Amino acid sequence: MNRPSLLSLDDALPQLLAQAHTLPETQWVSTFDADGRVLAQDVVAGLQVPPHDNSSMDGYALRALDCVQAGAVLRVTQRIPAGTHGTQLNSGEAARIFTGAPIPPGADAVVMQEDCEVLEGGQIKVNMAVPTAQWIRRSGEDVTRGATVLSRGTRLTPAELGLAASIGLAQLQVSVRPRVALFSTGDELVMPGDVAPEAMPAGAIYNSNRFFLRAMLKRLGCEVSDLGIVPDKREATIAVLRDAAMHHDLILTSGGVSVGEEDHIKPAVQSLGELSLWQLSIKPGKPFAYGKVNREGGVCHFMGLPGNPVSSFVTFLLLVRPFLLAMQGLTQTEVKRTQMTAHFDWPRADKRREFLRVKRNAAGGLDVFPNQSSGVLTSAVWGDGVVDNPAGQTIARGDSVRFISFEEWLA
Ligand code: AMP
Ligand code: MG
């Protein structure tokens with residue numbers, strides 16, 4: 001019997017994102033706390049930045065026409081530190097001025113103090129010909145009043161927080177955090193700290209997925225309810241899913257989503273709602289599942305990640321990450337791929353699209369981690385990204401490949 005072919009990532013992702021409706025609620029947060037959040041409104045400047053023409057140097061404000069040639073002598077008639085403002089400046093006069101201070105009316109250039117000589121009797125000699133507008137920062141050269149400086153759907157980073165503050169915003173309106181319930185399945189799982197390594201029973205392993213999944217959810221701005229480890233039992237799985245669906249936007253699980261008799265996630269979700277995606281043509285990460293769990297008056301999204309740690313890690317980044325960003329109103333959810341040169345051979349093509357853990361080397365190319373098994377988490381620690389290798393494709397040293405950097409992907 002022919003197995004039906006697996007769904008490709010390119011087919012699955014748009015289907016998934018079509019379900020990721022932006023959460024309707026928004027909230028105001030302090031600009032201090034808005035790093036990583038997604039803006040829910042356009043931000044329009046209510047003033048010019050800088051608010052006035054000002055000096056970009058410590059020196060003297062003057063009239064350029066007085067200094068057409070080097071050697072002009074001017075009388076210093078006023079002093080303008082930052083935070084104050086000056087008065088009318090007339091021909092033959094200079095104003096002592098400091099960085100950020102407003103240019104006084106009548107002045108049209110600044111000369112650096114290094115280009116002047118201080119003379120007796122409150123005078124200076126200007127040792128250069130001064131062009132008009134020298135060392136003046138124009139009002140509005142950063143931001144003009146009425147301009148949209150940040151757009152709705154932008155994920156805020158420290159630079160945006162600074163810009164928002166520069167136009168006087170102490171609070172920003174952002175999308176609410178998605179509420180995500182997280183649990184692991186697997187009777188073999190033990191929590192670090194509960195059992196010492198030397199006392200681990202036969203067949204037990206530590207729960208590693210829980211740690212990176214929780215961290216990745218937090219980085220994406222989610223409010224995480226960590227429900228711990230759920231036993232490999234149908235009824236227990238159903239009970240936790242039903243309960244979690246009531247108060248969350250997404251239930252995220254790891255393990256138990258393959259085809260063995262101990263894999264209860266799939267039937268449990270189907271008994272409470274529907275599973276609309278299952279199994280993708282990617283490696284690692286084939287058993288990924290997406291569905292919905294019904295609750296009174298609505299549904300809760302469900303995503304089941306494979307148990308193997310690298311599969312869990314990669315499917316989170318490929319599928320869960322864009323989904324959660326879209327739920328927060330982000331318009332651009334795709335991670336950037338850059339072309340880089342493989343410094344390795346990958347002679348065996350796989351039927352599935354592969355995500356190979358690689359590392360940039362000093363020669364500007366990529367090395368591959370020798371063990372690409374989906375259980376080997378060391379590959380993700382050693383590597384600084386993945387090569388996104390199309391299905392059926394071999395790689396020869398020197399080939400150009402598509403690289404995704406963990407730095408960007410995990411941000
Ligand atoms: P499963 O998808 O439940 O069949 O699990 C596949 C493999 O991943 C098995 O070797 C599990 O022991 C392992 N695994 C499942 N969950 C975790 C976890 N939370 N942390 C580490 N390994 C896991
Ligand atoms: Mg299992």
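Scroll up for the structure.
Residues numbered from 1 in each chain as written. Chains lettered and ligands numbered in written order. Predicted model: local features only at pLDDT ≥ 70, side-chain atom pairs only at ≥ 80, totals over all residues. Heavy atoms only, no water.

Got a sec to walk through the sheet that holds strand β9 (residues 123-126)? Specific residues and values, please.
What the six strands build is an open sheet, ordered β7-β4-β6-β5-β9-β8; its pairing is mixed. Looking at the sheet topology across the chains shown, the edges are occupied by β7 (109-112) and β8 (116-119). Recorded for the sheet is a direction-independent mean angle of 40° between the axes of neighbouring strands. In the sheet, strand β5 (residues 72-80) pairs with β9 via four bridges, with the strands oriented antiparallel. Residue pairing for β9: L74 is matched across the bridge by I124. (Pairing = 2+ DSSP bridges. Helix = DSSP H or I, 4+ residues; strand = E, 2+ residues; numbered from the N terminus. Axes fitted to C-alpha atoms, helices over the stretch in contact; angles between N-to-C directions.)

A description of the layout of surface pockets should follow, citing residues and the corresponding values.
The space that makes up the largest pocket amounts to roughly 500 Å³. Lining the largest pocket are 37 residues, with P306, G307, N308, S311 and S374 sitting closest to its centre. Only β15 (205-206), α6 (309-327) and β23 (353-360) provide two or more residues apiece to the lining of the largest pocket. With four residues, the top contributor of residues to the lining of the largest pocket is β23. (1 Å grid on protein atoms, 1.4 Å probe; cavity = no way out; pocket = protein on both sides within 12 Å on 5 of 7 lines; lining within 4 Å. Points joined across faces, edges and corners; volume = space filled by probe spheres on them.)

Give a description of the pairing of β23 that names residues and reports values.
Burial analysis of β23 places six of its eight residues in the buried class, which makes it a mostly covered element. Across two bridges, strand β19 (residues 282-283) lies against β23 in parallel orientation. Bridge pairing in β23 places K283 opposite E354. Both β23 and strand β25 (residues 385-389) contribute to a ladder of five bridges, which runs antiparallel. Opposite F355, over in β25, you have D388 as the bridge partner. Two strands pair when backbone bridges link them, and β23 and strand β24 (residues 365-368) are joined in this way by three bridges, in the antiparallel orientation. By the bridge assignment, V358 is partnered in β24 with V368. Where β23 folds back onto β24 in an antiparallel hairpin, the turn is made up of four residues, including G364, whose phi is positive at roughly 85°. (Buried < 20%, exposed > 50% of the residue type's maximum accessible area, 1.4 Å probe, protein only.)

Outline the pairing of strand β22 (residues 338-342), supporting the account with residue identities and numerical values.
Note that β22 and strand β26 (residues 400-405) share four bridges and pair antiparallel. Directly across from M340, in β26, lies its bridge partner V401. Bridge count between β22 and β24: two bridges; the pairing is parallel. Residue T341 lies in a different strand from β24, and its bridge partner there is G365.

Give a description of the sheet that holds strand β17 (residues 250-254) that names residues and reports values.
In spatial order, the strands read β16-β13-β17-β21-β20-β18; together these six strands make up an open sheet with mixed pairing. Two strands bound the open sheet, and with one partner strand each, they are β16 (223-230) and β18 (273-278). Across this sheet, the average inter-strand angle for adjacent strands is 20°, counted without regard to direction. With six bridges joining them, strand β13 (residues 179-185) and β16 adopt parallel strand pairing.

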